[in-house]
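Listed below are the residues making up each chain.
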Amino acid sequence: MVTVVIPSPLRRFSGGVERVEVEGASLRQVFENLGRHYPELRDRIVYDDDLRPGIAVSIDDEITEDGLLARVRDGSVVHIMPAMGGG
């Protein structure tokens, strides 16, 4: 299982849940499985078969540049990091 940590700006799409455990060997599979429980959350992360612009993802504390093709392993922790606005 992979643990997905949902940042507070996106928790309204997960019913306030902060961490979700899902199966998957790639980010694509992880977010597909996440979308089965929280389809609106998935839509905020994935767009047009890639990570939505302004969304970064880290796997085990390393930012991935591989998009949905990034590999994850059993026990990985995935952090979703939306871009922050303001000035």
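Everything here concerns the structure above.
Cut-offs applied
Residues numbered from 1 in each chain as written. Predicted model: local features only at pLDDT ≥ 70, side-chain atom pairs only at ≥ 80, totals over all residues. Heavy atoms only, no water. Pairing = 2+ DSSP bridges. Helix = DSSP H or I, 4+ residues; strand = E, 2+ residues; numbered from the N terminus. Core = buried A, V, L, I, M, F, W, Y, C linked by side-chain atoms within 4.5 Å. Buried < 20%, exposed > 50% of the residue type's maximum accessible area, 1.4 Å probe, protein only. Contact = heavy atoms within 4.5 Å.

### Observations concerning the pairing of strand E7 (residues 77-82)
Successive side chains on a regular strand alternate, one facing one side of the sheet and the next facing the other. Pairing analysis gives three bridges linking strand E1 (residues 2-5) to E7, with the strands arranged parallel. Opposite Val5, over in E7, you have His79 as the bridge partner. As defined by bridge partners, strand E5 (residues 55-59) adjoins E7 across five bridges and the pair is classed as antiparallel. Within E7, the residue paired with Val57 across the bridge is Ile80.

### Looking at the nonpolar core
What tends to happen in soluble globular proteins is that the nonpolar side chains get buried as a cluster. With 23 residues, the main nonpolar core has Val4, Leu27, Phe31, Ile45 and Val78 as its most contacted residues. Of all the secondary structure elements, the ones that give two or more residues to this core are E1, strand E2 (19-22), helix H1 (27-37), helix H2 (39-45), E5 and E7. Beyond its immediate sequence surroundings of up to four residues, Val4 is in contact with Glu18, Arg19, Val20, Val22, Val30, Leu34, Val78 and Ile80.

### Details of the sheet that holds E2
Pairing in this open sheet of five strands is mixed, and the strands run E2-E1-E7-E5-E6 from one edge to the other. Pairing within the sheet leaves two strands with one partner each, and these edge strands are E2 and strand E6 (62-63). As paired elements, E5 and E6 share two bridges and run antiparallel to each other. Bridge assignment links Ile59 to a residue of E6, and that residue is Glu62.

### Things to note about the environment of Ser8
Considering the arrangement of structural elements, one finds Ser8 in the loop between E1 and E2. Separated by 48 residues in the primary sequence, Ser8 and Ala56 have C-alpha atoms spaced 15 Å apart.

### With respect to the pairing of E1
Of the two faces of E1, the one carrying Val2 and Val4 and the one carrying Thr3 and Val5 are both buried. Pairing geometry for E1 and E2, over four bridges, is antiparallel. When the sheet's bridge partners are listed, Val4 is paired in E2 with Val20.

Without other data, these values stay purely geometric and don't point to any function.
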